[in-house]
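Commentary on secondary and tertiary structure
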Amino acid sequence: MKTEPVIPFSVSFTAGVATAYCIRATHAVCIASLAGAFLLLGLSMAVIHGEKALLLGAVFLTGAFSAASRALQSPYFEEVLPLVQGISGTVRSAMDDLTSAIPFADERTAPLINALLCGDRSGLGRDTVDAFRRSGASHLLALSGLHLGVLATGLGTALEVLGKSRAADYAKRATIIGFSFIYLIACGAGASLQRAFLFITIRQILLGQHSRQLSTAGTLCCALTIQLAADPLSIRSASFQLSYLAMAGITFIFPRLEAFFPDEGRHPGPVRRMWSSMAMSISCQLTTLPVAWLRFHSIPHCFILTNLIALPLCEALVCSAALLAAMSALGWMPAALITVVDTLSRLLLGSIGIISGM
């Protein structure tokens, strides 16, 4: 299979960033000076000789130079970060006021919605957070790319009513990208959400352009390179590492595991869907396991069961809660939808509580 050019370049750039990070910022000046010199040399030789290996070496040094130079500065953009945090705080406060006004039967539902939609876990009890952690479902509360992906997919489905014309197609893509950007900023622009935003944006821009399509692996590598180029020190973030490692598992391992089950055609049965969910869970755990162990010193032993039960419930809850929040903001609170959200919340919390006690 032919490898897309973006993949080796992205891997080389990321390796350079990771190398500079491992050497630490105490040697940043030395790294920056050496990387700059070798970068110019490598690029010159690559242009003169057309050697792909030399060009990849130059890309590697570009990553090292970028990370080393960034290490001399503040790890965040001094002007942008406070603005994003201020917007995020305002959104969380508004969401808390909005959900507090909805007459849920279960008092745990509103805090859970705030956590799933905005990443605000301040209303959740310690027991609830611990139950999510023990069951291996902490990523559901960590406002990962999963949440943005679910919301963007739901929005795309809703926008199908616009039709299939070229104008409607452009309108749908622009709306999905615009919504994803607003959600990214409103929720604090965490590393995992940045990855999801870049992934969605690249996919939407290239959608329908057959001559410019990228595979999932190519899209992931492109997003990785852009994110590290913007802020190389984000590679230190656990959210960044776990997000990209999970996507790597989905991209490279999941298709092979899923292929073990016989193909059932266009309409797979429940057993096939269950196997696909298990395969995805295993794929993500295999790639994230080393980082999770090194950082948190724990391995959830019921992660397959958790993802089989909790993940579908979480996806349904995120979509229905987002719809309810939007309708409530317009002054309409359908009793049936409130009941659905309340029921899904109870089912999710109940299943998490049972699994965590196993």
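Computed from a predicted structure; not experimentally measured. (Residues numbered from 1 in each chain as written. Predicted model: local features only at pLDDT ≥ 70, side-chain atom pairs only at ≥ 80, totals over all residues. Heavy atoms only, no water.)

1. Considerations on the overall build of the protein chain
Selection criterion: Put simply, DSSP marks the helices as runs of H or I at least four residues long and the strands as runs of E at least two long, and each gets a number from the N terminus on. Throughout this description, buried means an accessible area under 20% of the type-specific maximum (1.4 Å probe, protein chains only), exposed means over 50%, and partly exposed covers the range between. Contact criterion: two residues are considered in contact whenever any of their non-hydrogen atoms come within 4.5 Å of each other.
Helices and strands together make up the secondary structure of the protein chain, namely 15 helices and 0 strands. Evaluated residue by residue, the protein chain yields a buried proportion of 45% over its 358 residues. Relative to all contacts within the protein chain whose residues are 6 or more apart in sequence, the contacts with residues 24 or more apart total 70%.

2. Describing the packing of helix α10 (residues 191-206) against helix α12 (residues 238-258)
The line we're drawing: Lines fitted to C-alpha atoms define the axes here, with helix axes fitted over just the stretch in contact, and angles between the N-to-C directions of these axes take values from 0 to 180 degrees. Note that the term roughly parallel is reserved for angles under 35 degrees, roughly antiparallel for angles over 145, roughly perpendicular for angles of 65 to 115, and oblique for everything else. Note that Gly is not counted as nonpolar here; it falls among the polar residues with everything else outside the nonpolar set of Ala, Val, Leu, Ile, Met, Phe, Trp, Tyr, Cys and Pro and the charged set of Asp, Glu, Lys and Arg.
Contact geometry for α10 and α12: axes closest at 7 Å, N-to-C directions at 40°. Judged by the angle between their axes, α10 and α12 are oblique. Residues A191, S192, R195 and F199 of α10 touch α12, and the partners they reach there are S239, F240, S243, Y244 and M247. When its residues are assigned to classes, the contact of α10 with α12 shows 5 nonpolar, 3 polar and 1 charged.

3. What to know about the nonpolar core
Defined as follows: The term nonpolar core refers to a set of buried residues drawn from Ala, Val, Leu, Ile, Met, Phe, Trp, Tyr and Cys, joined through side-chain atoms within 4.5 Å.
Counting residues in hydrophobic clusters, the biggest one holds 48 residues, and the most contacted among them are F104, L112, L116, F132 and L348. Elements with a minimum of two residues in this core: α5 (109-118), α6 (126-135), α7 (138-141), α8 (145-158), α9 (166-186), α10, α14 (303-329) and α15 (335-356). In this view, F104 contacts T99, T109, A110, I113, L324, I338, V341 and D342; residues no more than four positions away in its chain are not counted. Counting residues in each nonpolar core, the second largest holds 16 residues, with V17, I202, A223 and L228 among its members.

4. Some details on the side chain of T288
As for its position among the elements, T288 is in helix α13 (residues 270-296). Among the residues examined, T288 registers a relative accessible area of 11% and is labelled buried. Sequence-distant contacts of T288, that is, excluding residues within four places in its chain, are made with L242, L245 and A246.

5. Considering the environment of F132
Tracing the backbone through its elements, the reader meets F132 in helix α6. Residue F132 is classed as buried on the basis of its relative accessible area, which comes to 0%. Among all residues touching F132, those that are not within four sequence positions of it are L112, A137, S138, L140, L141, L348, L349 and I352.

6. With respect to α15
Each turn of an α-helix holds 3.6 residues, which means side chains three or four residues apart point in the same direction. Definition in use: For a helix, the expected span equals 1.5 Å multiplied by the number of residues minus one.
Between its first and last C-alpha atoms α15 spans 31 Å; for 22 residues at 1.5 Å apiece the expected length is 32 Å, and the two agree. Listed in full, the buried residues belonging to α15 are L337, I338, V341, D342, L344, S345, L348, L349, S351, I352, I355 and S356. Buried residues along α15 sit in contact with α5, α6 and α14.

7. Let's talk about the packing of aromatic side chains
Spelled out, the test is: Stacked, tilted and edge-to-face are the three classes applied to pairs of Phe, Tyr and Trp rings, where Trp contributes its six-membered ring and a pair requires centres within 6.5 Å; stacked means planes under 30 degrees apart, edge-to-face means over 60, and tilted covers the rest.
The final tally for this structure, using the stated rule, is 3 aromatic pairs. When the centroid spacing of 4.7 Å and the interplanar angle of 45° are considered together, the rings of F240 and Y244 count as tilted. Residue F240 and its partner Y244 are both found in helix α12; the two are separated by 4 residues, about one turn of the helix. Relative accessible area serves as the criterion here: at 8%, Y244 is assigned to the buried category.

8. Some thoughts on the pattern of salt bridges
Put simply, the test is: Salt-bridge detection follows one rule: a side-chain nitrogen of Lys or Arg within 4 Å of a carboxyl oxygen of Asp or Glu.
Counting across every chain of the model gives 7 salt bridges. Residue E160 is joined to K164 by a salt bridge in which the shortest nitrogen-to-oxygen separation is 3.9 Å. Under the relative-accessibility criterion, E160 is labelled partly exposed at 41%. Taking relative accessible area as the criterion, K164 reaches 76% and is therefore assigned exposed. Shared partners join several salt bridges into a network, and the residues in it are D106, R108 and R346.

9. Comments concerning the environment of G163
Relative to the helices and strands, G163 is located in the loop between α8 and α9. Apart from residues no more than four positions distant in its own chain, G163 is found in contact with A168 and K172.

10. Regarding the side chain of S234
Its location among the elements puts S234 in the loop between α11 (216-230) and α12. When near neighbours in sequence (up to four residues on either side) are disregarded, S234 contacts Q227, L228 and F240.

11. Some thoughts on α8
With 14 residues, α8 should reach 20 Å at 1.5 Å per residue; the first-to-last C-alpha distance of 20 Å fits that figure. Regarding α8, the residues found buried are G145, H147, L148, V150, L151, A152 and G156. Looking at the buried side of α8, the elements it contacts are α5, α7, α9, α10 and α14.

12. Here we look at the confidence of the model for the protein chain
Put simply, the test is: Per residue, pLDDT measures the predictor's confidence, with a range of 0 to 100.
Averaged over all residues, the pLDDT of the protein chain is 76; the fraction at 70 or higher stands at 74%. Here residues 40-51 is modelled with pLDDT under 50, and outside its nearest four sequence neighbours on either side it reaches 9 contacts, counting other chains as well.

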